[in-house]
Amino acid sequence: MKTKAIILAAGMGTRMGSPLPKVLQEICHRPMIDILLESVRKADISDITVVVGPNMDNVKEVVAPCKTVLQQDRLGTAHAVLAAETEIEPFDGCVLILFGDQPLFLPETIQKMHEKCLSGSDIVVLGFIPDDARRYGRLVMGSDGLDAIVEYKDATDAQRAIKLCNSGVMCVNGRYLLPLLKQIKNENAAHEYYLTDIVALAKQSGLRRDVVIGDADELHGVNTPEELELAEAIYKKRMNIC
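Residues numbered from 1 in each chain as written. Predicted model: local features only at pLDDT ≥ 70, side-chain atom pairs only at ≥ 80, totals over all residues. Heavy atoms only, no water.

*Asks:* Could you clarify how one ought to interpret the overall build of the protein chain in this entry?
*Replies:* When its secondary structure is counted, the protein chain shows eight helices and 11 strands. Taking 18 Å as the expected radius of gyration for a compact globule of 242 residues, we find that the protein chain reaches 17 Å, a close match to that expectation. Considered along the principal axes of its C-alpha atoms, the protein chain spans approximately 45 × 40 × 35 Å. Of all 242 residues assigned to the protein chain, the portion counted as buried reaches 54%. Within the protein chain, contacts between residues at least 6 apart in sequence are counted, and of these 70% link residues at least 24 apart. Entry remark: accessible area of the protein chain is about 11,300 Å², with carbon and sulfur atoms responsible for 49%. Averaging the locations of the 27 positively and 34 negatively charged side chains of the protein chain gives two centres separated by 2 Å. (Helix = DSSP H or I, 4+ residues; strand = E, 2+ residues; numbered from the N terminus. Rg over C-alpha atoms; globule rule 2.2 N^0.38 Å. Buried < 20%, exposed > 50% of the residue type's maximum accessible area, 1.4 Å probe, protein only. Contact = heavy atoms within 4.5 Å. Areas by Shrake-Rupley, 256 points an atom, 1.4 Å probe, with all protein chains shown as cover. Lys, Arg positive; Asp, Glu negative; His and termini not counted. Charge placed at Lys NZ, Arg CZ, Asp CG, Glu CD.)

*Asks:* Which parts of the structure should I look at to understand the packing of helix α1 (residues 32–42) against helix α4 (residues 107–118)?
*Replies:* Packed helices, taken two at a time, are described by their axes: the angle between them and the distance between them. Remark: α1 packs on α4, axes separated minimally by 8 Å, with the N-to-C direction vectors making an angle of 50°. With respect to their mutual orientation, α1 and α4 come out oblique. Crossing hand, α1 versus α4: right-handed. Of α4, the residues touching α1 (which contributes Ser 39, Val 40 and Lys 42) are Pro 107, Ile 110 and Gln 111. Of the residues contributing to the contact of α1 with α4, the split by class is three nonpolar, two polar and one charged. (Axes fitted to C-alpha atoms, helices over the stretch in contact; angles between N-to-C directions. Parallel < 35°, antiparallel > 145°, perpendicular 65-115°, else oblique. Left-handed = near helix turned anticlockwise from the far one by under 90°. Nonpolar A, V, L, I, M, F, W, Y, C, P; charged D, E, K, R; others polar.)

*Asks:* Explain the pattern of salt bridges here, please?
*Replies:* Opposite charge on two side chains permits them to pair, given that their charged atoms come into close proximity. For the structure on display, the rule yields 17 salt bridges. What you see here is one network of salt bridges that share partners, running through Lys 2, Asp 47, Lys 67 and Glu 87. (Salt bridge = Lys/Arg side-chain N within 4 Å of Asp/Glu carboxyl O.)

*Asks:* For this particular structure, what's the right way to read the nonpolar core?
*Replies:* Looking at soluble globular proteins, one finds that nonpolar side chains tend to be buried together. The biggest cluster of nonpolar side chains holds 68 residues, and the ones touching the most others in it are Ile 33, Val 50, Leu 96, Ile 97, Leu 181 and Ile 198. Counting residues per element, this core draws most heavily on strand β6 (residues 93–99), at six residues. If we skip the residues at most four places from it in the chain, Leu 96 touches Lys 4, Ala 5, Ile 6, Ile 45, Ile 110, Met 113, Val 169, Met 170 and Cys 171. (Core = buried A, V, L, I, M, F, W, Y, C linked by side-chain atoms within 4.5 Å.)

*Asks:* Please explain the pairing of strand β9 (residues 145–150) as it appears in this structure.
*Replies:* Each regular strand shows side chains that alternate between the opposite faces of the sheet. Most of β9 is tucked away, with five of its six residues classed as buried. As judged from the five bridges shared by strand β8 (residues 138–142) and β9, these two strands associate in the antiparallel manner. Note on β9: the bridge partner recorded for Val 140 is Ala 148. Following β8, the chain reverses through two residues before pairing antiparallel with β9. (Pairing = 2+ DSSP bridges.)

*Asks:* It is not clear to me how the packing of aromatic side chains should be interpreted in this structure. Could you clarify?
*Replies:* Describing an aromatic ring pair means giving the distance of the ring centres and the angle of the ring planes. Overall, the coordinates contain one aromatic pair when judged by the stated rule. Pairing Phe 128 with Tyr 136 gives two aromatic rings, centres 5.0 Å apart and planes at 85°, and the pair type is edge-to-face. In this structure, Phe 128 and Tyr 136 share a single accessibility class: buried. A cation over a ring is seen here: Lys 4 above Phe 91, with NZ or CZ 4.7 Å from the ring centre. Its guanidinium or amino end placed over the ring of Tyr 152, Arg 160 lies 4.1 Å from that ring's centre, counting from NZ or CZ. (Phe/Tyr/Trp six-rings, centres within 6.5 Å; stacked < 30°, edge-to-face > 60°. Lys NZ or Arg CZ within 6 Å of the ring centre and 35° of its normal.)

*Asks:* Even after reading the chapter, I still don't get helix α6 (residues 174–181), so can you show me in this structure?
*Replies:* Because each turn of an α-helix spans 3.6 residues, side chains separated by three or four positions end up pointing in the same direction. Inspection of α6 places Gly 174, Leu 177, Leu 178, Leu 180 and Leu 181 among the buried residues, and these make up the whole buried set. Seen end-on, α6 carries its buried residues on one side only, within an arc spanning 165°. Of the surrounding elements, those touching the buried residues of α6 are α3 (77–82), β6, β7 (123–128), β10 (165–173) and α7 (198–204). With a side-chain oxygen positioned 2.9 Å from the backbone nitrogen of Arg 175, the residue opening α6 is Asn 173. (Arc of directions from axis to C-beta. Polar contact = N/O pair within 3.5 Å; in protein donor to acceptor, adjacent residues only side chain to side chain.)

*Asks:* Help me out: how do you make sense of the state of the cysteines in this one?
*Replies:* As used in these notes, a disulfide is a covalent bond between sulfur atoms, one from each of two cysteines. Counted by the stated rule, this structure contains zero disulfides. Here Cys 171 stays unpaired: no disulfide links it, and the sulfur of Cys 117, its closest cysteine neighbor, is 4.1 Å away. With relative accessibility at 1%, the residue Cys 171 sits in the buried group. (Disulfide = S-S within 2.5 Å.)

Printed below as a string of structure tokens:
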């Protein structure tokens, strides 16, 4: 069964204090998106599309020969995936959705999600339990799997008490991805189209929703220079670089 990967990389990362797009910030002298691409390829996924924003020719050059598509307006994660609509038209396979500012995924974790999807899960979400969960969405589990992903800013106090958090990464049955994406609305605090809403829609449709647990270090995201420094430290330890 064919598998595609969509990497969301349209954010400029203004908090980085650099004119470079965020995914081109370097870890051990490598653009961090290059490190992520290496892991995806090691997981035997070669059909990769990168979603970029306007004026990101430098990102296109770094990710070549991967395909790129343009997200003209940044209206949320679901909107970003829809920018790749021509690449995710319903097909008999899995679509892995990743974020270019989370460069530390291991090929083994990608393969674990992929295998779960191939075994019958229609949506596989990668969850984790961080030391500090204040800014993460929560995974709300039910009797038949994952019921919903609730963004922190939209969560109730009871939902914020849930320890299992959302990494953002998911693997979706290609037959259902596009129809589900087109049902997502922007009725939330940020007025954005959240990819996370796909889970509740899948539940309504009777689709199977499962969770795979990842390691917090592996799911470290980069939004600030301090987070970039920590990502480099994690990477150096992993690669045994002094």
